[in-house]
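These are the residues of each chain, in order.
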Amino acid sequence: QVQLVESGGGLVQAGGSLRLSCAVSGFTISNYHMGWFRQAPGKEREFVAGVERSGYYTDYADSVNGRFSIHRDKAKNTVALQMRSLKPEDTAVYYCGAASAYGLIKASSGYSYWGQGTQVTVSS
């Protein structure tokens, strides 16, 4: 059974940091492209960061580039999103997803599996 379980969300002041984690079961993360998305109230789900299945290539949304970083731990079968210099506009529910296609995938429609999400709230 495939499961993606996010954790690590919470309330943080602007300028602070959080580390989100996505624990995966049912498949090996090195066989999938893994990504983080977020969805704010009233907005569509948007791409945040992704790591291609080899682990050599990563991609970031312009809005988070230089502040967020995605990391894989193959031994633990987890994917983390390290977030620094958080801004109020980063407030959203953050989702972990897995895509079976090759390459870097930014479209949410390309993802086969999703976690339940974890809330991140950044206060000003």
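Notes on the structure in this doc start here.

Definitions and limits used
Residues numbered from 1 in each chain as written. Predicted model: local features only at pLDDT ≥ 70, side-chain atom pairs only at ≥ 80, totals over all residues. Heavy atoms only, no water. Helix = DSSP H or I, 4+ residues; strand = E, 2+ residues; numbered from the N terminus. Buried < 20%, exposed > 50% of the residue type's maximum accessible area, 1.4 Å probe, protein only. Salt bridge = Lys/Arg side-chain N within 4 Å of Asp/Glu carboxyl O.

Brief notes about unusual backbone geometry
Even without a glycine there, the phi angle at Asn77 is positive, about 60°. With respect to the helices and strands, the residue Asn77 is situated in the loop between strand S7 (68–73) and strand S8 (78–83). The phi angle at Ser85 is positive, at roughly 50°, despite the residue not being glycine. Relative to the assigned elements, Ser85 resides in the loop between S8 and strand S9 (92–99). We classify Ser85 as partly exposed; its relative accessible area is 40%.

Overview of the pattern of salt bridges
Applying the stated rule across the entire model yields four salt bridges. Where Asp90 meets Arg38, a salt bridge forms, and the shortest distance between an N and an O atom there is 2.9 Å. Taken together, the residues span a long stretch of sequence, with Asp90 in the loop between S8 and S9 and Arg38 in strand S4 (residues 33–39) at a distance of 52 residues. Among the residues examined, Asp90 registers a relative accessible area of 1% and is labelled buried.

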